[in-house]
Amino acid sequence: MYIVVDERQSVADQYVAGFGAEGASARFVTAESMQIWLGSAPRRDVEAIEGFLIGDCQDRASCTVAIRAQTQAPIIALNETRSLEQTLALFTAGIDDVVRKPVHVREIIARASAIRRRMNRGIEKAPSPDRAGRLTVFTDGRDPEIDGESLILPRRERHILEYLAKNRGRQVTKGQIFTAVYGDLDTDCEESVVEGHISKLRKKLRMRLGHDPIEAKRMAGYTFVG
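Not measured: the values here are computed from a predicted model.

Novice: Explain the nonpolar core here, please?
Specialist: Note on soluble globular proteins: their nonpolar side chains tend to be buried together. Formed by 24 residues in total, the largest nonpolar core has its most connected members in Leu-164, Ile-177, Leu-205 and Phe-224. Counting only elements with at least two residues in this core, the list comes to β7 (135-138), α7 (155-166), α8 (174-182), α9 (191-209) and β11 (221-224). Excluding its chain neighbours within four sequence positions, the residues that come into contact with Ile-177 are Ile-160, Tyr-163, Leu-164, Val-172, Val-194, Ile-198 and Tyr-222. Met-1, Leu-38, Phe-52 and Ile-67 belong to the second-largest nonpolar core, a separate cluster that totals 22 residues.

Novice: Explanation requested: the sheet that holds strand β4 (residues 75-79) in the structure shown.
Specialist: Paired through backbone hydrogen bonds, the strands of a sheet run either parallel or antiparallel to each other. Judged by pairing direction, the sheet is parallel, and its 5 strands sit side by side in the order β2-β1-β3-β4-β5 without closing on themselves. Lying at the two open borders of the sheet, with one neighbouring strand each, are β2 (26-29) and β5 (97-100). Each strand of the sheet is rotated relative to its neighbour by a mean of 25°, with strand direction disregarded. Pairing analysis gives 4 bridges linking β4 to β5, with the strands arranged parallel. Note on β5: the bridge partner recorded for Leu-78 is Val-99. In this fold helix α2 (residues 31-40) packs onto β1 (2-5), β2 and β3 (51-54), with an angle of close to 110° to the strand it touches most, β2.

Cut-offs applied
- Residues numbered from 1 in each chain as written.
- Predicted model: local features only at pLDDT ≥ 70, side-chain atom pairs only at ≥ 80, totals over all residues.
- Heavy atoms only, no water.
- Core = buried A, V, L, I, M, F, W, Y, C linked by side-chain atoms within 4.5 Å.
- Buried < 20%, exposed > 50% of the residue type's maximum accessible area, 1.4 Å probe, protein only.
- Helix = DSSP H or I, 4+ residues; strand = E, 2+ residues; numbered from the N terminus.
- Contact = heavy atoms within 4.5 Å.
- Pairing = 2+ DSSP bridges.
- Axes fitted to C-alpha atoms, helices over the stretch in contact; angles between N-to-C directions.

Structure below.
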């Protein structure tokens, strides 16, 4: 899920729609409401954020400080004009990247993925010594690979696998998965929807791998073990 921070809802709505067209969930917030939300949101909601896109808001430096206090998710700022002083000030404040408008959402996603790769080496691989390298899960929108061959997945299943892989070895709840994949912080988790997607995903992985890389615990959640 991406968070678009801007004071102009019409502009933010265009980016939210653009993310949706690329298969990524996104939601719009103002700088003020974002800081209030970050201070009170459940940890699972904050951890589901894949990146922040900061457009026109009064104090982007303060906004960045508030984000950094809660998460290390990539922060990308949009600049209307080319200004070295402004760009340097944004980097000094903690923003990870600065791009000049107009910019396509695909480039934003690619830049956010590159930032995450630098932080986390970009890929999660199955860690078991006898299966090392068989399953590769990418964080830049590509389908996963098994033994070097792509496993074509529907968008939701691919996003779920990416989220589980990024949290490898850690149990995540259906609520965390729902928030990460659907980007809906205001609606209660629809457990049956999450269960349906994961059931189909696990079946496909078992068929190709010969084992299930996702552990499920009733009433608890799921763990990616590779």
